[in-house]
Amino acid sequence: MKPPNAEFEVECIRRILAGERHLFHDLIRPCERSVYFLLYSLLRNEAEAEDAAQDTAIKVYQNLRNFRGDSQFRTWVLSIARNEGLGRLRKAGSRREDSLDAEMDDSTGDYTPAILTSWREVPFEALERKELGAILRKAIEGLPEIYRNVVLLRDIEEMDVRETATALGITEGAVKVRLHRARAVLQKELAPKLGGFAPKRKGLFGWAR
Amino acid sequence: MRIDCKHVWEHISAYIDGEVDEALRGEIDRHLETCEICSAVLDSTRNVVVLVADDRVFELPAGFSERLHARLDREMERAGSG
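All chains use their own residue numbering, which begins from 1 and follows the written sequence. Both sets of labels track the order of writing: A upward for chains, 1 upward for ligands. Only residues with pLDDT of 70 or above have their local features reported here, since the model is predicted, and side-chain atom pairs are shown and tallied only from 80 upward, although totals for entire chains, interfaces and linings are computed over all residues.

Helix numbers and strand numbers start at the N terminus; a helix is a DSSP run of H or I with at least 4 residues, a strand a run of E with at least 2. The number of helices and strands found in chain B is 5 helices and 0 strands. For chain B, the α and β elements follow one another from N to C terminus as α-α-α-α-α. We take the radius of gyration over the C-alpha atoms and set the globule estimate at 2.2 Å times the residue count to the 0.38 power. Rg of the C-alpha trace for chain B: 23 Å, well past the compact-globule value of 12 Å for 82 residues, more than 25% over. If one aligns the C-alpha atoms of chain B with their principal axes, the spans along those axes are about 75 × 25 × 15 Å.

Structure below.
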């Protein structure tokens, strides 16, 4: 997704605060996907993530006056979403929040990737096959929480390292290390499964091998 | 000194994001020229990163946006009349 336009946001916020409330729809729309998926990553439940996303949008509206512009608007919105999600986990008495805030060992660590001797690229068109999307989703949903959040914001919502760090309340170094580990786990898990989605190579006599 | 495969794997994520310095990038590139395994690991990792970014993998629930904006409208109306 494209980064939202900061000038548009500042102007929009000024006009909303001056009374043009309906403009809030345009202001929040570019953020809603990221908000939902951050909350989905935390809460792991579609209905609750949607409810929390709505509450987040209302809190953003009610607190718009407090936005200082020292971070991107979307980053600010995502920190509100994160607090909403953590608050709900806390209320539910979930033990998962401990692992969320815990500073883990962020050294690079060892890992062995799935070893391959060649790779045939799986193109975007392969996503027309529903089972490919399902395999990718399952792999991401199976990641430990602290890796999944980073993958969702960095690789799926395509936010930069700094914005991801601010939204998740972790250091930029931690974002990089966690992303590295998450991608390594995904490669190991997915590479052996994705081969079948690559286009078949034509053999010498024109048949696929 | 030639860097080994393990060293390349440690930097794959940063390499994909263009965050390794020029000297290290050069060493990794030289390694990749002759190492089929690391080339395949890099290509497959990059392919995974590109695929998961596609909007079709994670879609918003149907009607999500409509419900969100309808709730905002109700909230703004309530706040406005209060």
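This is not the end of the story, as more comes after the structure.
Moving on: the domain arrangement of chain A. All names here are of chain A. Along its sequence, chain A is carved into domain 1 (6-96) and domain 2 (124-197). Each domain's limits were defined by an automated method or a database of domain assignments. Using C-alpha coordinates to define each centre, domain 1 is positioned 22 Å away from domain 2. Contact with domain 1, which involves 12 residues of that partner, is made by 12 residues of domain 2. Taken together, the elements giving at least two residues each to the side of domain 1 that touches domain 2 come down to α3 (32-43) and α5 (73-91). A pair of residues counts as a contact when their C-beta atoms, built from backbone coordinates, are within 7 Å of each other.

In this section: the interface of chain B and chain A. With 32 residues of chain B at the interface, the matching set in chain A holds 40 residues. In this classification, the charged set is Asp, Glu, Lys and Arg, the nonpolar set is Ala, Val, Leu, Ile, Met, Phe, Trp, Tyr, Cys and Pro, and all remaining amino acids, among them Gly, are polar. Residues of the side of chain B that touches chain A, tallied by class, amount to 18 nonpolar, 7 polar and 7 charged.

Right, let's get into the nonpolar core. For our purposes the nonpolar core covers buried Ala, Val, Leu, Ile, Met, Phe, Trp, Tyr and Cys residues that link as a set through C-beta atoms within 7 Å. Exposed residues have 12 or fewer other C-beta atoms within 10 Å of their own C-beta, buried residues have 20 or more, and partly exposed residues fall in between, where C-beta atoms are placed from the backbone. Formed by 56 residues in total, the largest nonpolar core has its most connected members in Val35, Leu38, Leu39, Ala53, Val77 and Val151 of chain A. Sorting elements by how many residues they give to this core places α3 of chain A first, with 8 residues. Shared between two domains, this core holds at least three residues of each, these being domain 1 (6-96) and domain 2 (124-197) of chain A. In this view, alanine 53 of chain A contacts Glu32, Val35, Tyr36 and Leu39 of chain A together with Leu68 of chain B; residues no more than four positions away in its chain are not counted. Residues Val8, Trp9, Ile28 and Val41 of chain B belong to the second largest nonpolar core, which totals 8 residues.

A few words on helix α3 (residues 22-34) of chain B. What a helix is expected to span follows from its residue count: subtract one and scale by 1.5 Å. The end-to-end C-alpha separation of α3 of chain B is 19 Å, in line with the 18 Å expected for 13 residues at 1.5 Å each. With 1 of its 13 residues buried, α3 of chain B lies for the most part at the surface.

Another aspect to go through is the environment of valine 77 of chain A. Residues and elements named next belong to chain A. In this fold, valine 77 is placed in helix α5. Assessed through the 26 C-beta atoms surrounding it within 10 Å, valine 77 is described here as buried. When the C-alpha atoms of valine 77 and serine 34 are compared, they prove to be 9.5 Å apart, with 43 residues separating the residues in sequence. Apart from the residues lying within four places of it in its own chain, the contact partners of valine 77 are Cys31, Val35 and Val60.

Okay, the confidence of the model for chain B next. Per-residue confidence from the predictor is reported as pLDDT, which spans 0 to 100. Per-chain confidence: chain B averages 92 in pLDDT, with 96% of residues scoring 70 or above. Mean pLDDT across the elements of chain B bottoms out in helix α5 (residues 64-81) of chain B (91) and peaks in α3 of chain B (96).

As a further point, take the packing of helix α8 (residues 145-156) of chain A against helix α10 (residues 172-194) of chain A. When two helices pack together, their arrangement is captured by the angle between the axes and the distance separating the axes. All names here are of chain A. Helix axes use the C-alpha atoms of the stretch in contact, all axes being lines fitted to C-alpha atoms, and the angles between their N-to-C directions lie in the range 0 to 180 degrees. Interhelical geometry of α8 versus α10 gives an angle of 95° and a closest axis separation of 9 Å. By the angle class used here, α8 and α10 are roughly perpendicular. Residues Ile146, Tyr147, Val150, Val151 and Arg154 of α8 lie in contact with α10, whose contacting residues are Val175, Arg178, Leu179, Arg181, Ala182 and Val185. Residue composition of the contact of α8 with α10, by class: 8 nonpolar, no polar and 3 charged. Orientation is classified from the angle alone, with under 35 degrees giving roughly parallel, over 145 giving roughly antiparallel, 65 to 115 giving roughly perpendicular, and any other angle giving oblique.

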